[in-house]
Amino acid sequence: MQDVYTRLTLLRRPRVLARAARLGAQTYCRQRDLHRILGYGTLPKPAAAVMQLLELESTQDTARKAGEAGYSLIRHVDVLIALAGESAFLRNTAAPPRTETAALQDRRSAAAEAAAPCP
């Protein structure tokens, strides 16, 4: 059994799908987009969400390769965008916390502190 990071690095898709996922991941909002893809309810933790998204994406890719009539390119790109966004979120949460000095904290604006994480 491979871990999450290995499965993500071994994922190979056509260039157009990968590029669309990278571009879409820039505006990815976990609360909005993950509910739409995985269904409503409580959001899973990032690692569990990545595993669910990998399974969904594998199903979509199998349908794409088989040329099935029910294959949706839009759904496939949505799943890839969520996968890219969740993997970035997973990488950022796994990184050690960055210590900040008082000088850095003083430079922050009140507007930046109050900004919502998703548009």
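Residues numbered from 1 in each chain as written. Predicted model: local features only at pLDDT ≥ 70, side-chain atom pairs only at ≥ 80, totals over all residues. Heavy atoms only, no water.

Attention now moves to helix 3 (residues 30-38). Every buried residue belonging to helix 3 is among Arg 30, Asp 33, Leu 34, His 35 and Ile 37, and all of these are buried. Taken from the residues just after helix 3, Gly 39 is the one with a positive phi, measuring 105 degrees. (Buried < 20%, exposed > 50% of the residue type's maximum accessible area, 1.4 Å probe, protein only. Helix = DSSP H or I, 4+ residues; strand = E, 2+ residues; numbered from the N terminus.)

A few words now on helix 2 (residues 15-25). Looking only at helix 2, the buried set comprises Leu 17, Ala 21 and Gly 24. With its buried residues spanning 70 degrees around the axis, helix 2 presents them on a single face. Among the exposed residues of helix 2, those pointing more than 90 degrees away from its buried face are Arg 15, Val 16, Arg 19 and Arg 22. (Arc of directions from axis to C-beta.)

What follows covers the pattern of salt bridges. A full pass over the atoms with the stated rule returns eight salt bridges. Between Arg 36 and Asp 33 there is a salt bridge, with its nearest N and O atoms 3.2 Å apart. Here Asp 33 and Arg 36 lie together in helix 3, a separation of three residues that amounts to about one turn. Judged by relative accessible area, Arg 36 falls into the partly exposed class, the value being 43%. Using a relative accessible area of 7% as the deciding quantity, one classes Asp 33 as buried. The partner of Asp 61 in a salt bridge is Arg 64, and the shortest N-O contact between them spans 2.7 Å. Here Asp 61 pairs with Arg 64, and both are found in helix 4 (residues 46-66), just three residues apart, close to one helical turn. Salt bridges linked by common partners bring Arg 13, Glu 57, Asp 61, Arg 64 and Lys 65 together as one network. (Salt bridge = Lys/Arg side-chain N within 4 Å of Asp/Glu carboxyl O.)

What is shown is where atoms sit, not what they do.
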